[in-house]
Structures are given as structure tokens and as C-alpha cells.
Amino acid sequence: KLGNVLYIVINGSPYRSTNSGSSFSRIESGMNAGPTADREYYWRPMALHPINNTNLFISCQYMYRMRNAPSGSDPQWELVSPDLTRGSAITDFATPKENGDWMYAVTGDGKAWLSQNILSTDPTWTDISAGLPNRWITRVHIDPDDYHTIYVSVSGYGAGHAFKSTNAGQNW
């Protein structure tokens with residue numbers, strides 16, 4: 001919530017209220033901008049940037065950003081990633097409060113990614129999945145004392161359900 005502006009996701013679709021929740025409008029202008037139709041889960045992740053809260057992010061197999069989140073009269077999403085999956089969708093993403101240029105993202109098909117320039121016009125993404133099992137990654141958590149230290153949780157059968165990296169995903 002930013003003043004009387006609220007953002008929510010209902011059945012995978014983003015909505016915005018400019019009157020403290022009395023009414024909501026669907027905000028999908030600019031979505032489906034990738035080469036394939038958006039794939040999202042029922043509980044699609046959406047979050048404001050922790051430092052620059054004029055930027056709102058939402059994911060599917062792509063990451064989208066809205067630059068005018070609190071005040072835009074015509075909210076527009078812009079595509080800020082390629083397809084980060086192998087046919088799935090992004091399950092979680094996080095930006096460290098200590099470095100607003102970074103964003104981690106994880107997917108339902110075992111991929112983990114890092115952007116070190118998420119606020120740029122054309123962010124780049126690095127695959128940091130090597131060493132993780134090829135299973136559904138449910139969450140990513142950034143250590144509040146060191147944004148190079150991250151934790152991911154993995155579901156499914158097999159050994160290991162929690163993984164830690166102390167060097168931004170270079171090793172797990």
C-alpha cells in the first residue's frame with residue numbers, strides 16, 4: 001500500500017485500487033509482451049521494490065516492472081527479463097534492502113537467477129542454478145546482514161530441501 005493506492009493479485013491477475021480498496025481495476029497493459037503467452041501460477045508473486053517504491057514487480061515466466069506504481073494514471077508494465085524458466089513460472093523473487101540494483105528470482109522448474117541491474121532500462125540476468133537440484137524452488141530469502149548470502153527452499157522427493165549460498169549463488 002502506498003497512501004491510498006493498493007496492489008493485489010486475484011487468480012493470477014494484478015489489480016490496483018486508488019481509493020484505499022473501495023474498488024479495484026485490473027492492470028495488465030504491457031503484459032504478454034514476450035515471445036510466448038504469459039504463464040503464471042494462481043498465486044503470482046508481486047512486490048514493490050524495497051528502496052525505490054515507485055517500481056512494482058510481478059512475475060510469470062518473465063519479470064515485469066511498472067515504473068509509475070504509486071501515481072501513474074495509466075499503469076504500464078514493461079518486460080525486464082527473458083523467459084527465466086524451462087516451461088514453468090517464477091515462484092518467488094526478492095531484492096536486498098542493502099543493494100537495490102540486485103534481484104534474485106527462482107522458478108518452479110529448478111532455476112535460480114540473479115540480476116545485478118534490475119532498475120536499468122534493460123536488466124541482465126545470470127543463471128545461478130548450478131549445484132541446485134532440478135526440482136521446484138519454492139522460496140528465496142536474502143540474509144538481512146549480507147545480500148550475497150541467500151537461501152532457497154526446494155520441494156519434491158530427494159535429498160536436500162534447503163540450500164545456502166554465501167557468494168550470490170556461485171556455489172551452493
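All of the points below concern the structure found in this document. All of these numbers come straight from a predicted model, not from anything done at the bench. (Residues numbered from 1 in each chain as written. Predicted model: local features only at pLDDT ≥ 70, side-chain atom pairs only at ≥ 80, totals over all residues. Heavy atoms only, no water.)

Some thoughts on the nonpolar core
In step 1: One finds Tyr104, Ile137 and Val152 to be the most contacted residues of the largest nonpolar core, which totals 17 residues.
In step 2: Those elements giving two or more residues to this core turn out to be β9 (103-107), β10 (112-115), β12 (137-142) and β13 (150-154).
In step 3: Tyr104 has contacts with Asp92, Phe93, Ala94, Trp113, Leu114, Ile128, Val140, Ile142, Tyr147, His148, Ile150 and Ala168, leaving out every residue within four places of it along the chain.
In step 4: By size, the runner-up hydrophobic cluster in this structure holds 12 residues, among which are Val5, Ile58, Tyr62 and Ala69. (Core = buried A, V, L, I, M, F, W, Y, C linked by side-chain atoms within 4.5 Å. Buried < 20%, exposed > 50% of the residue type's maximum accessible area, 1.4 Å probe, protein only. Helix = DSSP H or I, 4+ residues; strand = E, 2+ residues; numbered from the N terminus. Contact = heavy atoms within 4.5 Å.)

Thoughts on the packing of aromatic side chains
In step 1: Enumeration according to the criterion identifies 3 aromatic pairs in this entry.
In step 2: Geometrically, the ring pair formed by Tyr62 and Tyr64 is edge-to-face, given 6.4 Å between the ring centres and 80° between the ring planes.
In step 3: Judged by its relative accessible area of 1%, Tyr62 is buried.
In step 4: An aromatic cluster of at least three residues, connected via ring pairs, comprises Trp102, Tyr104 and Tyr147. (Phe/Tyr/Trp six-rings, centres within 6.5 Å; stacked < 30°, edge-to-face > 60°.)

Considering the environment of Ala37
In step 1: Residue position: Ala37 is located in the loop between β3 (25-26) and β4 (46-48).
In step 2: As for Ala37 and Tyr62, which are separated by 25 residues in sequence, their C-alpha atoms are 10.0 Å apart.

Brief notes about unusual backbone geometry
In step 1: In this structure, Ser20 takes a positive phi of about 60° despite not being glycine.
In step 2: Its place among the elements puts Ser20 in the loop between β2 (13-17) and β3.
In step 3: Located in the positive-phi region is Ala168, a residue other than glycine, with phi close to 60°.
In step 4: By the secondary structure assignment, Ala168 is in the segment after β14 (162-165).

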